[in-house]
Amino acid sequence: MSKGQVSTRKLVKAGLSDEIIQKLVQHKLTDYADILSLTTFELYTKLQVDIFTVREIIKKVSHATVSPLQNLNTLWEIQKNKDYEYLPTTLSTLDQYLMGGIPAASVTELVSQSGMGKTQFCLMLSLLATLPKSLKGLDGSVIYYDTEGSFNVERLVQIARTKFSDYYQSEEHRNQSISRIQIVRTTKSSEIVASLEKLEGVIIENNVKLIILDSVGSMARNEFSSENFIERSNVLVKLASLLKSHSERFRIPVMVTNQVMEKMDPFSKKSHITPALGPVWAHSVNNRLILETSYGNKRKITIAKSPISPVVSFPYHIREDGIAVGDPDVPQSDVEVELNPDNYWNQQIFAQSV
Amino acid sequence: HHHHLHHYSMNSLHSLGLSQPIEQKLTNAGFQTVEDFNGMTPVQLAKEISISNEEALKILKIILKEDDSHNLLKPIDAKTLLEQWTKKVPIITFSPELDEMLGGGVMSGEITEFCGMPGIGKTQLGMQLAVSCTMPEFFDGLGGESIYLDTEGSFVLERMIEIAESTVAHIQALEPVNEESREEHKRLVGEYTLESVLSKIHIYRIHDIIEQSAILHVLYDIIQANPKIKLVVLDSIAFHMRHDLDNQAKGRIISAMSENLCQLAQTFSIAIVVMNQMTTKMTTSGGIETTSLVPALGDRWSPSNRILLSWKNGTRTAEMRHSSSRPQSIVSYCVNTEGIRGV
């Protein structure tokens, strides 16, 4: 095949006749997506063949596009023999409700106002992903997209030293963990999209076991004004789709952080805090965790969206070794779990009074 | 498709058992081969050889060897429709109030849409229905298989297993109705295991709108090859719809999907359940611009039944927004470790 010649491999694979392939190539329809994005009528007009033949073409191309359905019993057998399908967070209550930890093969969003510990949560997860399996880690690398410059190496080392003091006594262990965390600094969504599109090779070569994007909320709101709603939606959907694709293909967890915005109820004229980026983004993530204030100066984590957990909240606090479950003033064994808090359903986050 | 015309000699016309006078009339009018009857309608033939319309129709049917109306739409009488409708077995949600609102459960031959905000439990409902569909007919289920189309990656096998196990436990807890059915009851209960339920549910992960389009085209062949399939869950329909398409392009895609799904529901008499998300809609009324949440895909998408899922006063509610056969109403239901249940 000479350079510049179009590949007809896919069309041949679909079982189309030479005559039809010739016509398709003439109209630059060489990929399944090209053909399936046209309506029956558009194809009929372009190819100048009868409608039955058009339907045949669509059928053959559709069959070539899809893979076979998977029977759940077979899927279960396959997954029984697999490794961790989650990243344990060491937050016992959270791991309990999420049936292990941050789930693999899905995108988990972490939402909160600033100063609630989002980035520290991400630093902790990054460390955990690099730990050996004996310490319940994933023994792999981390790709950390940092859009706000909030990645803090000092804090990372502090968490490592205090949380896993024995393991990180060894300088070799410290260096190994830290060198496995790859930080990508950027403020542009286009750069992140481009990076994600080419990330497969990196994931394979570096045994990447966790991808973090901190923060999609601030990046999207800085880059797109409120008039560019459609453009913003498209970028967000594209980002979510790429992240999901990598998480599913390699069965790794993906964490994305988001900020909050104020929303006014048109009828009561009262405003409340809600996750930023609206319903389009809310539908795009598989799991949503919210860090919010509780009574007094206390804080709580809410599992707000999860296919396997009910909506629950429980207290957390920040200490030297990162995030921990519970109220520091109450013994560890008494973690109070609140089921189905109403505020989430009104899309409302408990906010610190301004 | 063309009729397969057979070449008859006059002898063959004779062997068709037509009466002598008729045969004579045909011969006199010059009818020798079957091609001579091409394009003839019963009324034309009747006029040409002076016979009644009914007789002409009979002749044409015999000669053309097929019922000419096989290519045309066959009407179905309302009585048959009623019989079919009363025989329909609904797919239950396990919430008695929700099932009642749906007319017993999700019905075959129809498209039922559940829409709501993220996290309200659409996937939970989809998974429960996929399992309910597999319950044996003996236990008022459909004894069928389900196809689950996952567009968002929200399907989690562990949760499906949880729901399936609870349904299996429910079946196992049932008592035989009478002595005669005891044997069969025990046998069917023994057969209804977690593995057998899972083997009856098929999943497909849809990654983009092209794949969605492709799988809907292919579903026809899949379901035709496996008549045990009684339910298709599409979770969710609007997720891959691109936002930058103009309304015309969007409209065409939606119409094509709608047509595809309707055809599947009716041709194979299966239940199609579609999950839909909410989207913001700007409306100006009285000079004030307000945003409201409406089901995605707009007016071009109009399922037979539309149920809105939301959270009101501390419970999950389902509201029948519009239906071709059910009245508007609103009920409460809950989601727990077993799946969907009543309050």
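Small disclaimer: the values here were computed from a predicted structure and weren't measured.

A. Highlighting the overall build of chain A. On a plain count of helices and strands, chain A comes out with 16 helices and 15 strands. Counting only C-alpha atoms, chain A reaches 80 × 60 × 40 Å along its principal axes. By the burial criterion, 51% of the 354 residues in chain A qualify as buried. Across chain A, the fraction of contacts at a sequence separation of at least 24, relative to all contacts at a separation of at least 6, is 64%.

B. Looking closely at the interface of chain A and chain B. Contacts between chain A and chain B engage 45 residues on the former and 50 residues on the latter. Taken together, both faces of the contact between chain A and chain B bury some 4,300 Å²; the carbon and sulfur share is 65%. Along the contact surface separating chain A from chain B lie 3 salt bridges. The interface formed by chain A and chain B holds 17 residue pairs in polar contact (both at pLDDT 80 or more) in total.

C. The packing of aromatic side chains, seen in detail. What the rule picks out here adds up to 8 aromatic pairs over all chains. Ring geometry for Phe 31 of chain B against Phe 37 of chain B: centres 4.6 Å apart, planes inclined by 20 degrees, an arrangement best described as stacked. Taking relative accessible area as the criterion, Phe 37 of chain B reaches 2% and is therefore assigned buried. Aromatic ring contacts, followed pair by pair, group Phe 164, Tyr 167 and Tyr 168 of chain A into a single cluster. Its guanidinium or amino end placed over the ring of Tyr 32 of chain A, Lys 10 of chain A lies 5.4 Å from that ring's centre, counting from NZ or CZ. One Lys or Arg, Arg 341 of chain B, reaches over the ring of Phe 94 of chain B and ends 4.5 Å from the middle of that ring.

D. Layout of the nonpolar core. If you look at the biggest cluster of nonpolar residues, it comprises 50 residues, and the most contacted ones within it are Leu 72 of chain A together with Phe 114 of chain B. Looking at this core, the element that brings in the most residues is helix 8 (residues 157–172) of chain B, giving 7 residues. With 49 residues, the next largest nonpolar core counts Leu 11, Leu 43 and Ile 58 of chain A together with Ala 265 of chain B among its residues.

E. Layout of helix 11 (residues 189–197) of chain A. Residues and elements named next belong to chain A. Considered for burial, the residues of helix 11 that qualify are Ser 189, Ile 192, Val 193 and Leu 196. For helix 11, the angular spread of the buried residues around the axis is 100 degrees, confining them to a single face. Looking at the buried side of helix 11, the elements it contacts are strand 5 (141–146), helix 12 (199–206), strand 7 (208–214), helix 13 (216–223) and helix 14 (229–250).

F. Region of the structure containing unusual backbone geometry. In this model, Asp 214 of chain A is joined to Ser 215 of chain A through a cis peptide bond whose omega is 10 degrees. Of note, Ser 215 of chain A is situated in the loop between strand 7 and helix 13. Between Asp 235 of chain B and the following residue, Ser 236 of chain B, the backbone shows a cis peptide bond with an omega angle of 5 degrees. Relative to the helices and strands, Ser 236 of chain B is located in the loop between strand 4 (229–235) and helix 12 (247–268). With phi around 55 degrees, Gln 48 of chain A is a residue other than glycine that occupies positive phi space.

G. How the structure looks around the pairing of strand 13 (residues 312–319) of chain A. Residue and element names in this part refer to chain A. In terms of residue burial, strand 13 counts as a mostly covered element, since 6 of its 8 residues are buried. In the sheet, strand 12 (residues 299–305) pairs with strand 13 via 5 bridges, with the strands oriented antiparallel. Of the residues in strand 13, the one forming a bridge with Arg 299 is Tyr 316. Between the end of strand 12 and the start of strand 13, which pair antiparallel, lie 6 residues. With 2 bridges connecting them, strand 13 and strand 15 (residues 338–339) associate as antiparallel partners. Bridge assignment links Ser 313 to a residue of strand 15, and that residue is Glu 338. Summarising the sheet, strand 13 and strand 14 (residues 322–325) pair through 4 bridges and their orientation is antiparallel. Paired with Tyr 316 across the two strands is Val 325, which belongs to strand 14.

H. Expanded view of the side chain of Glu 113 of chain B. Residues and elements named next belong to chain B. Among the structural elements, Glu 113 can be located in strand 1 (residues 111–116). Overall, the relative accessible area of 0% leaves Glu 113 in the buried class. A polar atom in the side chain of Glu 113 sits 2.6 Å from the side chain of Arg 306.

I. Quick look at the pattern of salt bridges. Across all of its chains, the model carries 24 salt bridges over all chains by this definition. Note that Glu 179 of chain B and Arg 182 of chain B form a salt bridge whose closest N and O atoms lie 3.0 Å from each other. Owing to a relative accessible area of 54%, Glu 179 of chain B belongs among the exposed residues under this scheme. Accessibility expressed as a relative area gives 37% for Arg 182 of chain B, which makes it partly exposed. Connected through salt bridges with shared partners, the residues Lys 298, Asp 327 and Asp 329 of chain A form a single ionic network.

J. Spatial organisation of the packing of helix 7 (residues 122–132) of chain B against helix 8 of chain B. All names here are of chain B. Running from amino to carboxyl end, helix 7 crosses helix 8 at an angle of 45 degrees, the nearest separation of the two axes being 10 Å. The orientation of helix 7 relative to helix 8 falls into the category oblique. Crossing of helix 7 over helix 8 shows right-handed handedness. In this structure, helix 7 contributes Gln 124, Met 127, Gln 128, Ala 130 and Val 131 to the contact, and helix 8 contributes Arg 159, Met 160, Ile 163, Ala 164 and Thr 167. Of the residues assigned to the contact of helix 7 with helix 8, the class counts are 6 nonpolar, 3 polar and 1 charged.

K. Up close: the environment of Ala 214 of chain B. Relative to the elements of secondary structure, Ala 214 of chain B occurs in helix 11 (residues 209–225). Ala 214 of chain B sits in the buried class, given a relative accessible area of 0%. Not counting residues up to four positions away in its chain, the partners in contact with Ala 214 of chain B are Leu 36, Ser 62, Thr 65 and Val 66 of chain A.

L. Highlighting the sheet that holds strand 8 (residues 305–312) of chain B. What the 10 strands build is an open sheet, ordered 1(A)-3(B)-2(B)-4(B)-5(B)-1(B)-8(B)-9(B)-10(B)-11(B); its pairing is mixed. In this open sheet, the two strands that pair with only one neighbour each are strand 1 (70–71) of chain A together with strand 11 (339–341) of chain B. In this structure, strand 1 of chain A lies alongside strand 3 (residues 201–205) of chain B, joined through 2 bridges in antiparallel fashion. Paired with Asn 71 of chain A across the two strands is His 202 of chain B, which belongs to strand 3 of chain B.

M. Representation of the pairing of strand 3 of chain B within the structure. Residue and element names in this part refer to chain B. Of all the 5 residues making up strand 3, 5 are buried; the element is thus mostly covered by neighbouring parts of the structure. In the sheet, strand 2 (residues 145–150) pairs with strand 3 via 5 bridges, with the strands oriented parallel. Within strand 3, the residue paired with Ser 146 across the bridge is Ile 201.

Rules and cut-offs
- Residues numbered from 1 in each chain as written.
- Chains lettered and ligands numbered in written order.
- Predicted model: local features only at pLDDT ≥ 70, side-chain atom pairs only at ≥ 80, totals over all residues.
- Heavy atoms only, no water.
- Helix = DSSP H or I, 4+ residues; strand = E, 2+ residues; numbered from the N terminus.
- Buried < 20%, exposed > 50% of the residue type's maximum accessible area, 1.4 Å probe, protein only.
- Contact = heavy atoms within 4.5 Å.
- Buried area = accessible area lost by both parts, 1.4 Å probe.
- Salt bridge = Lys/Arg side-chain N within 4 Å of Asp/Glu carboxyl O.
- Polar contact = N/O pair within 3.5 Å; in protein donor to acceptor, adjacent residues only side chain to side chain.
- Phe/Tyr/Trp six-rings, centres within 6.5 Å; stacked < 30°, edge-to-face > 60°.
- Lys NZ or Arg CZ within 6 Å of the ring centre and 35° of its normal.
- Core = buried A, V, L, I, M, F, W, Y, C linked by side-chain atoms within 4.5 Å.
- Arc of directions from axis to C-beta.
- Pairing = 2+ DSSP bridges.
- Axes fitted to C-alpha atoms, helices over the stretch in contact; angles between N-to-C directions.
- Parallel < 35°, antiparallel > 145°, perpendicular 65-115°, else oblique.
- Left-handed = near helix turned anticlockwise from the far one by under 90°.
- Nonpolar A, V, L, I, M, F, W, Y, C, P; charged D, E, K, R; others polar.

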